[in-house]
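Inside the fold
Each chain is listed here by its residues.
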Amino acid sequence: MPIPSAAERRREERAARTGGEPELDVAGDTPYARYGAIDTLLDLQRPRTDEPSETSFIIATQVMELLFTLLAGHWERARDAMEGDDVPAALFELRRGAHVQDVLVSSWDLLADLSPTEFSRFRDALGDASGFQSHTYRRLEFLLGNTSEPMVRPHKGSPRARAELERAMSEPGLYDAALGLLARRGLPVPGEALERDRTRPYTEHDGVRAAWARVYADDTPGNDLFTLAEALLDTAERVTRWRQRHLAAVKRSMGAKPGTGGSNGLRWLAANAAQDVFPELWSLRTEL
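These remarks concern the structure in this document. Just so it is clear, the structure is predicted and the values come from calculations on it, not from any experiment. (Residues numbered from 1 in each chain as written. Predicted model: local features only at pLDDT ≥ 70, side-chain atom pairs only at ≥ 80, totals over all residues. Heavy atoms only, no water.)

1. So, the overall build of the chain
Rules: A run of H or I in DSSP becomes a helix once it reaches four residues, and a run of E becomes a strand once it reaches two; helices and strands are each numbered from the N terminus. When checking whether two residues touch, look at their non-hydrogen atoms; a contact exists if any pair is within 4.5 Å. The Shrake-Rupley method, run with a 1.4 Å probe sphere, supplies the accessible areas, and residue values consider only the shown protein chains as cover. Charge assignment in this entry is limited to Lys and Arg as positive and Asp and Glu as negative, and neither His nor the chain termini are counted. A charged residue contributes its charge at one atom only: NZ of Lys, CZ of Arg, CG of Asp or CD of Glu.
Per the secondary structure count, the chain includes 14 helices and zero strands. Counting only C-alpha atoms, the chain reaches 65 × 65 × 35 Å along its principal axes. Restricting the contact set of the chain to residue pairs at least 6 apart, pairs at least 24 apart contribute 70%. Surface exposure of the chain reaches about 16200 Å², of which carbon and sulfur atoms provide 54%. One way to put it: in the chain the 37 positive side-chain charges average out to a point 3 Å from where the 45 negative ones average out.

2. Describing the nonpolar core
Spelled out, the test is: In this description, a nonpolar core means a group of buried Ala, Val, Leu, Ile, Met, Phe, Trp, Tyr and Cys residues linked to one another through side-chain atoms lying within 4.5 Å. Partly exposed residues are those whose accessible area sits between 20% and 50% of the maximum for their type, while under 20% is buried and over 50% is exposed, using a 1.4 Å probe and protein chains only.
Membership of the largest hydrophobic core comes to 54 residues, with the highest contact counts inside it found for Trp75, Trp212, Leu228, Phe278 and Leu281. Among the secondary structure elements, those contributing two or more residues to this core are helix H4 (53–83), helix H5 (87–107), helix H7 (135–143), helix H9 (174–184), helix H11 (206–216), helix H12 (224–254) and helix H14 (279–287). At 11 residues, the largest contribution of residues to this core is made by H12. Leaving out residues up to four positions away in the same chain, Leu228 has contacts with Met82, Val87, Ala90, Leu91, Leu94 and Leu181. Membership of the second largest hydrophobic core comes to eight residues, among which are Leu114, Phe119, Phe122 and Leu269.

3. A word on the layout of surface pockets
Counted only if it meets this: Definitions used throughout: a 1 Å grid over protein atoms alone; a cavity as a set of points that fits a 1.4 Å probe which cannot get out; a pocket as an open set with protein on both sides within 12 Å along at least five of seven lines; a lining residue as one with an atom within 4 Å of a point. Grid points are joined across faces, edges and corners, and a volume is the space filled by probe spheres set on the points. When residues are sorted by character, Ala, Val, Leu, Ile, Met, Phe, Trp, Tyr, Cys and Pro go into the nonpolar class, Asp, Glu, Lys and Arg into the charged class, and all the rest, Gly among them, into the polar class.
Taken as a whole, the largest pocket encloses approximately 1300 Å³ of empty space. Taken together, 48 residues make up the lining of the largest pocket; nearest its centre are Phe57, Ala129, Ser130, Gly131 and Phe132. Contributions of two or more residues to the lining of the largest pocket are made by H4, helix H6 (116–122), H7, H12 and helix H13 (266–273). Its residues assigned to classes, the lining of the largest pocket shows 25 nonpolar, 16 polar and seven charged.

4. Topic: empty space enclosed by the protein
Scanning the entire structure with this criterion turns up one cavity of 30 Å³ or more. There is about 120 Å³ of room inside the largest cavity. Lining the largest cavity are 13 residues, with Trp75, Tyr137, Leu140, Val239 and Trp242 sitting closest to its centre. For the lining of the largest cavity, the leading source of residues is H12, giving four residues.

So far we have only geometry, and geometry alone does not tell us how the molecule works.
Okay, structure coming up:
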């Protein structure tokens, strides 16, 4: 039987002293507030107008940023596991990431009923701020293979953000790692797909689809590459759901007006939502 740690013994002694009731006498800030930096967190909502829905907009934005960061960690560990030929660990991280993605998709509910009149009362306060400027979201897109050197340019004035994106663009993404794994297992992944220019978005390749077709020829539970392919598709599908919810939220709150960041708004978002992540895993289904 393991020996209780000093911290565990203190918790047991406190519970015995309080009769199992919560400790109410706390000096200064509560340990909870200190651990979670709660006072700092609650000080970050700083609306610029008197419109109440602006607070909802700010909180939804901040929640998404935190979830982007959490998701990036899962995806990077999944990538590293695939590069280390550890499929079970990769599957674990992709499944954990899928739970984060589900929360991200649901987070649009916070803005689902934002009316155009409400939005117009605080939209000007955004100035040129736009979600496409989020470097944490861009890091996710780079991990998905949607790398783009021009998309680093908005962050040239932020050394930390620029460094993170340049590193993400230079390193393999999730799909790069998966294709490398297939190649090491002896599947005929084309060299140009394995050695692609990572400053440009990944493009679909017939040879990659043929390699995945060989994986899908054995869809038994013992084929870990098949299980991995389906987990990657779960990830890809959730990305599309998030993009579609983004598109719907913008369409409902502002229609076809130009975006604050210079885009044409709905058309730009619709094109992004229509772009398949891990495209061969989708197009392959027509052939099976």
